[in-house]
Amino acid sequence: MPLVTNLIDDKSPLISYDSTWIPGSSVDQYADQYYLGTFTINDVTNGTAWFSFNGTGVWVYGAKRSNHYTYNVQLDGNTYGPYDGYSPTQNFLQVLFNSTGLTQGMHNLTLTNTATNSSYVDIDLIVWQSEVGSGDQQLITEMVQDTDSRFQYQSSAWASPADANFYSDGTGHYTEAYAASATLTFTMVTLFGATSTSTGLYTVQLDGGNVSEYNGTAFLPFYGVTLFHADNLGPGQHSLTIANVPATPGQQLCIDYALVYGLANDSDTRLPDSSAVEASQALL
């Protein structure tokens, strides 16, 4: 059965942090040892980060350092730990927690700093896997640029961003209009965009169902950030509607591209070759 392997960096809006977490500082002499040079850090007792995923396995990566200490993890209401993040040497891309063999479906993971002496825990990235299809089916992937006709925009509300040269293929769409939306048709999808101090809240709705809200605000401009992922939605085509819901006027939603996945029975069909998938598989 094919596996979809997904990787999100710590700055993805799919990871939620309470107000006690802060971006790791570039003045840290070891900052470049983290994946893509970013990490999110906490030194407050009971500081919590949480993440939901649809899959069968999950890996949380961070650092083990001399100023790090204990944390625990809750997965679907079961508590694991405490784990010790301390190391007398500086170790990066460490597995802080992993669980495999889960029942395919939605799972909820929470990581909590349990240290009482202002010691740290950080998150660098999260990888998870999801089983899709059946038998000898092969997973195929296609990069769909924001200019593709499968993206449908409210044309008067969207424009090309001034920093489009930093986007994939040099194109992007952004909006500042409240409730301005874009819709993408797919079978399985990962949607990418840009985040910065100018981006804010957005919502995602699948197939006209429940609406989920995410916070796209970041402390610096970041490109190629995972805004949303969906798989195992059942056979046939599905629709994703993403909408800007800024907390203050002028906040933006920025769309770059999507990876759209499908299944084929041809054993010669190529497998996904995106850099994110390759990187996540190398970590496992």
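A brief report on the enclosed structure follows.

Rules behind the numbers
Residues numbered from 1 in each chain as written. Predicted model: local features only at pLDDT ≥ 70, side-chain atom pairs only at ≥ 80, totals over all residues. Heavy atoms only, no water. 1 Å grid on protein atoms, 1.4 Å probe; cavity = no way out; pocket = protein on both sides within 12 Å on 5 of 7 lines; lining within 4 Å. Points joined across faces, edges and corners; volume = space filled by probe spheres on them. Helix = DSSP H or I, 4+ residues; strand = E, 2+ residues; numbered from the N terminus. Nonpolar A, V, L, I, M, F, W, Y, C, P; charged D, E, K, R; others polar. Core = buried A, V, L, I, M, F, W, Y, C linked by side-chain atoms within 4.5 Å. Buried < 20%, exposed > 50% of the residue type's maximum accessible area, 1.4 Å probe, protein only. Contact = heavy atoms within 4.5 Å. Pairing = 2+ DSSP bridges.

1. Remarks on empty space enclosed by the protein
Empty space among the atoms becomes apparent when a probe as large as a water molecule is rolled across them.
Then, in step 1: Taken as a whole, this structure holds 3 cavities of 30 Å³ or more when the rule is applied.
Then, in step 2: Considering the residues around the second largest cavity, the lining is formed by I15, A49, W50, F51, V60, L109, L111, I123 and I126.
Then, in step 3: Elements supplying a minimum of two residues to the lining of the second largest cavity: β5 (48-55) and β10 (105-113).
Then, in step 4: Residue contributions to the lining of the second largest cavity peak at 3 residues, all from β5.
Then, in step 5: Considered class by class, the residues forming the lining of the second largest cavity number 9 nonpolar, no polar and no charged.

2. Observations regarding the nonpolar core
Then, in step 1: Counting 43 residues, the largest nonpolar core has F51 and I242 as the members making the most contacts within it.
Then, in step 2: The residues touching I242, leaving out its near neighbours within four places in the chain, are A180, S181, A182, L191, Y202, T203, V204, L227, L253 and I255.

3. What to know about the environment of V58
Then, in step 1: Inspection of the secondary structure assignment puts V58 in strand β6 (residues 57-64).
Then, in step 2: With relative accessibility at 0%, the residue V58 sits in the buried group.
Then, in step 3: Residues V58 and L109 lie 51 residues apart in sequence; the distance between their C-alpha atoms is 9.1 Å.
Then, in step 4: In this view, V58 contacts F51, F53, F97, N98, S99, L109, I126, V127 and W128; residues no more than four positions away in its chain are not counted.

4. With respect to the sheet that holds strand β8 (residues 78-84)
Then, in step 1: The antiparallel open sheet is built from 5 strands, whose spatial order is β2-β5-β10-β7-β8. Two strands bound the open sheet, and with one partner strand each, they are β2 (16-17) and β8.
Then, in step 2: In terms of strand pairing, strand β7 (residues 70-75) meets β8 through 5 bridges, oriented antiparallel. When the bridges of β8 are listed, T70 appears paired with D84.

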